[in-house]
Structures are given as C-alpha cells and as structure tokens.
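# An overview of the molecular structure
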Amino acid sequence: MLELKFYKEVFVNLIRENEIRVPVLIIGGGPVGLACAIELSWRGVECLLVEQRDGSINHPKMNQVGVRTVEFCRRWGTSELVKKNSIPEDFPRSVHFLTATSGHQLAHYDFPARIDEPCLNSPEAIQRCSQLYFDPILRDHAKTLGGPKFSYSHSLKNFEQDNTGVTAEIVSLDTDSSTTVRADYMIACDGADSGVRDALGIKLEGDSSMNYNINAYFRSTNHELLFKHGPAVMQWIIDGEGVWADIVSINGNDLWRFSFMRAERGQILSKEEIGQYLRKAVGCDFEFEIISVLPWERRRVVAECFQDRRILLCGDAVHQMSPTGGFGMNTGIQEAVDASWKVAAVVQGWGGHKLVETYDIERRPVAWSIVNEAARNYNQFAKLPKGGDITLDTKDSEELRKSIGDTIYAEKFDREYDMEGVPLGYRYNKSPIILSDDSFEIPFEVMNYTPTARPGHRAPHAWLSDGRSTLDLFGQGITLLNFGQNIDFNFIQESARTRKIPLRIETVDNTKIHELYERKFILVRPDGHVAWRGDEISQDFGKILDVIRGA
C-alpha cells in the first residue's frame, strides 16, 4: 500500500510580500479540492489550494472510487496507483445481509472480483480505494505538475468579489498571520459546513436529516468471525426492527469501517461504547482496535445554485447524500472537472463570457438525480419485514429471516451495487453549450448503460488498434474526431486559431467505432462529453465553436 505521509506545506509566497496573485483560488483540500488542483494544473493553470487541516487522513470517509473518477485518474496519470492501493483485484465484491457477521445469513449478492469481470464500457473499473490512500495519491501527483501550490493549516477568513475577480483573506492557524489573495476565480470545496456557501447566502434544499450515524474506523485480523460467510466488501447487519449497522472492508485484510445507524441527534459515543455495538454486530467478543470515531448525519440536499458569478462550489458544499451507492465524492470530482476546464478556458483566453455560468446549468440537475438515487437506496431498508428476535433457532425466527431475505431479492437491493448508468450515463441535454441533433434520446437507466455519442453524453469508450481507448484522445482541449473523411481541415484549424481554442483533429479509421459514434465528425469537449456531431462541416464552423466555448 502507498505510504501515508502527514506533513504541512506553506506556500512560499505567503512569507513574501504578504499578498499574492493567482488565477484560481481553491478552498478545501479534500479529494474534490485536490481534483480541481490537478485538473487546473494539468491544463497549465496555476492555482493555490487552502486547507485548514494539515493534510493527514485520520478517519477515512470514502472507500469507493467510481469508474468515471478512475477514467479521470487515467487522464491525469494516476489510475495505476489507484488500482495498486485498492482492495486486491482478486478480492470478491460480494455483499452480505446478516443478523451478525458470525450469525445467520439472510441474503447475499456474489459479485465477482475485478480480475474475473472485464470492463466493457470503460477502459477502467470501479476501485475500492480508501480515502486513506486516494487523497495522498492526488496530493502527491498534484505536486509533480508544478501548477498548484498548497497552504495547509490555513483558513479562509473573508472574501469579496467584483467584475474581474475575487479578493480573499486567508489566515495561518499556526501564527494567526493573514495574507491577501487576489484570484480570477475561486472554487469552494469546503465541505458540508461550507463557510463560502453560507457567506453567499446559498441555501440547501431537500431533506436535511434522514438519520444520525456514528462510524468507527477499526483494525482487526479476525477473518474467521468478520468473514464467516466469505469475503465481502459490504456486510449489512439486520435485527427484527431492520438494518441497524454495516461493516465495510477497507483493504480486504485488517482495516474496517463500522457504522452504527441508530444514533440519536447529537449523540457522542466513546471508543468503548461504540465497541459494544461492534461486538453486537459481529455476534460475540473478538479482538479489535478502535482507531477513531466519527458521528455524521445522513442527508438528501442540493444547493439552490452552484455558483455566484466568479465563485463556484463543488462537492459536499453543494450536495450531501446518503453513502448508499458510494456516489458522494465521485459526484464531487465530476463537478471539479466541469468547473476546472471551464475556468481554465476563460483564464487561457478561449472560453467565452457565458462559459462558466453553464457550470450550474449542467451540474445541478445531475446532482439532484444522484442524490435522489442514493436516498432511494437507503429508503429500501424501510421495506424489510419487522418482528421479534431473528437470531433464535425457532420457527418464527426462521420464517422472519426468510421473509427478510425474500424481500431483499424481490426489491432488488443489488441495484445499489450494479449501477453502471449512474457514473457513465449522465448527460447535459439542456446545456446552452451543447448542439443537440435529432437523434433519439436514450432513456436514463440506473443499472444499465447504453453507449451513445449523442450530444451531451460522455463520448463512449472503444479500443483503438494501437491499444488506446477513444477516451485517451480527449482532454486537453476540444477534439474533432474524423471518421476517415478526406477534406481540407485548414479552415477548421484557422477557425480554432483565431479563437485561441486548443483543437486537435483525430482521424479514426475503424468501422465499428464509426458505427458507435454514428456520424462522420464528432466534437468532444475537454471533459469528454460530446458537444456536436454531424456528417458535414460547413465554412461557418466557427459558429459551432463559438457555441461550445460559450461566446
């Protein structure tokens, strides 16, 4: 596993002149803020990341890196590190529903290990890579790009914006000294209790409290009790009143996360107290070490807007969802990529004055869709039959256990773990920088993804003859896919040059991929979504480019 390094970094310019100028200021150094720093730097845009913590991960909240996130890691050059620091490829991704890990099994879904399941619609796969390892991977890679600077143990004290930028005051938590930062844009990734969101007066809409939970991050090697029914990434613990806990395997070996789902509002449990609930979930006493305890609240909320002029918000600052599905961080990283490429385009001089404002238009509907799906998964638990003690070896207990198991299968509880449509099927149909065509819109499905190059959708993956994925052709600027048409591209390149647009023309001589993309010419945005497609390119191609760049 990747070595964990805990340290502090201070941006050198904070010591010099007490005032700095940077194109983009990022508030928050979790995985979403780090993704912004990488995406901006990968595009050649300097940024300053301000984080009030020291950069260490004391209690991992996230354990699943979704397939779309791994695709972004692929473009950044970190996907192999993510794989190496994930649960082993031969570890089964099974999910168990139990009275206790050493008790009765009520139902189970046996998903194969990654090594046994090829990826058809992506060059990558979902990885069970804990935040323990994922955050340092992003942080260390960002440092190699040269563009981002980090200011740990600093907080944002206040800020204001005008027509040309944002002025912020940041304060050292060690020395109490303050520094003024002037930036063209500010991206706030400062979490569920976002001070930036509150200062802007942006409200959260939805269910502010679904239930209260307390997590315990613990260590144990007792596989005989914890994996009595076989290795599993997730084990739900159920009694006569429903689901009350879960146990997640973090690394497939000795690190685990236990969630107690019946905590009361404001309840705090000591390590000893949460340990008693953990023993109940396992079904007996066993050897373990509680490393940390963290209370949290399950919510279904989305911000009423995702940006205010030159300030964009990402991640938990604009949506908070049930972890059922593992969507939270992954949704935030989608936002980080969308916000960053648009801000970068404007900073670099080719993005139009309308480009950045499409961030809210595109991302907020997607966030609502995912937040609702996560809540749906959690609300499924309410459908389970209730009764008496289901641990007894009696006829009544046996019948209740069978009824619970039958309900789990009938209500398709596996949807939460087999949902390729969520990370790959989201689309930007109503975006003003997408030029739709008259093709049939494929309905969105959670459990099934149908590849399509319809404008607004993620450009589909296919393997090229040289071993690359089509996804490897996209990213740095706008990409024009040409499926074998022999035309003069000079006027196209000139249209891009006059607008300072980084445009690459990629010719793909492959009949099957052409059939997948359905048109002779495809324009793909920097984030990998199709912006336009057609069978002809006219002399007024510049008008198409103007729409895509938000002019």
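To be clear, the structure that these remarks concern was listed above.
Presented here is a report on the structure given in the accompanying data block. What you see is a predicted model; the values in this text were computed from it and never measured.

What follows deals with the state of the cysteines. On inspection of all chains with the given rule, the structure shows zero disulfides. The thiol of Cys-119 is unpaired, and the distance to the nearest cysteine sulfur, on Cys-73, comes to 14 Å. Owing to a relative accessible area of 31%, Cys-119 belongs among the partly exposed residues under this scheme. Of the cysteine sulfurs around Cys-314, a residue in no disulfide, the closest is that of Cys-36, at 4.5 Å.

Here the structure, examined in full by the defined rule, presents 39 salt bridges. In this structure, the salt-bridge partner of Lys-342 is Asp-338, at a minimum N-O distance of 2.9 Å. In this pair, Lys-342 and Asp-338 are both assigned in helix 8 (residues 328-347), four residues apart and thus about one turn of the helix distant. Each member of the pair, Lys-342 as well as Asp-338, carries the same accessibility label: buried. The residue Asp-406 makes a salt bridge to Lys-402 at a minimum N-O spacing of 2.8 Å. With Asp-406 and Lys-402 both in helix 10 (residues 395-410), this residue pair falls four residues apart, about one helical turn. Take Lys-402: its relative accessible area is 55%, and that puts it in the exposed class. Shared partners join several salt bridges into a network, and the residues in it are Arg-74, Glu-80, Lys-83, Glu-124 and Asp-472.

Judged by nonpolar contacts, the single largest core of 110 residues is most densely connected at Leu-25, Ile-26, Trp-76, Phe-134, Leu-523 and Phe-541. Per element, the largest residue contribution to this core is nine residues, and it comes from helix 8. Those residues in contact with Leu-25 that sit more than four places away from it in its chain are Leu-48, Val-50, Ala-168, Val-181, Ala-183, Tyr-185, Met-186 and Ile-187. By size, the runner-up hydrophobic cluster in this structure holds 49 residues, among which are Phe-97, Val-248, Trp-256 and Leu-278.

Our next topic: the packing of aromatic side chains. In this description, a pair of aromatic rings is defined by centroid distance and the angle of the planes. Applying the stated criterion across every chain, the model contains 23 aromatic pairs. Consider the rings of Phe-218 and Phe-288, whose centres lie 6.5 Å apart with planes at 80°: the pair is edge-to-face. Here Phe-218, found in strand 9 (residues 204-219), pairs with Phe-288, found in the loop between helix 7 (271-282) and strand 13 (289-303); they are 70 residues apart in sequence, far enough to count as distant. In this pair, the class of Phe-218 matches that of Phe-288, namely buried. Summarising the aromatic geometry, the rings of Phe-227 and Trp-256 are spaced 5.0 Å apart at their centres and angled 55° between planes, so their arrangement reads as tilted. Here the residue Phe-227 occupies a position in the loop between helix 6 (223-226) and strand 10 (234-239), and Trp-256 occupies one in strand 12 (residues 255-263), the gap between them amounting to 29 residues. With respect to class, Phe-227 is no different from Trp-256; both count as buried. Following the ring pairs from residue to residue traces out a cluster consisting of Phe-97, Tyr-109, Phe-111, Trp-236, Tyr-378, Phe-381, Tyr-409, Phe-413 and Tyr-417. It is Lys-280 that lies over the ring of Trp-244; its NZ or CZ is 4.7 Å from the centre. When the ring centre of Tyr-426 is taken as origin, the NZ or CZ atom of Arg-363, which lies over that ring, is 5.4 Å away.

Another aspect to go through is the sheet that holds strand 11 (residues 242-249). Backbone hydrogen bonds hold the strands of a sheet together, and the pairing may be parallel or antiparallel. The strand order 4-3-10-11-12-9-13-16 describes an open sheet built from eight strands, whose pairing is mixed. Either end of the sheet is taken by a strand with one partner, and the two such strands are strand 4 (105-109) and strand 16 (319-320). Taken together, the five bridges between strand 11 and strand 12 define a ladder with antiparallel strand orientation. In the sheet register, Ala-245 faces strand 12, and the bridge partner there is Phe-260. Helix 10 contacts strand 3 (95-98), strand 4 and strand 10 of the sheet and is inclined by roughly 20° relative to strand 4.

Scoring rules and cut-offs
- Residues numbered from 1 in each chain as written.
- Predicted model: local features only at pLDDT ≥ 70, side-chain atom pairs only at ≥ 80, totals over all residues.
- Heavy atoms only, no water.
- Disulfide = S-S within 2.5 Å.
- Buried < 20%, exposed > 50% of the residue type's maximum accessible area, 1.4 Å probe, protein only.
- Salt bridge = Lys/Arg side-chain N within 4 Å of Asp/Glu carboxyl O.
- Helix = DSSP H or I, 4+ residues; strand = E, 2+ residues; numbered from the N terminus.
- Core = buried A, V, L, I, M, F, W, Y, C linked by side-chain atoms within 4.5 Å.
- Contact = heavy atoms within 4.5 Å.
- Phe/Tyr/Trp six-rings, centres within 6.5 Å; stacked < 30°, edge-to-face > 60°.
- Lys NZ or Arg CZ within 6 Å of the ring centre and 35° of its normal.
- Pairing = 2+ DSSP bridges.
- Axes fitted to C-alpha atoms, helices over the stretch in contact; angles between N-to-C directions.

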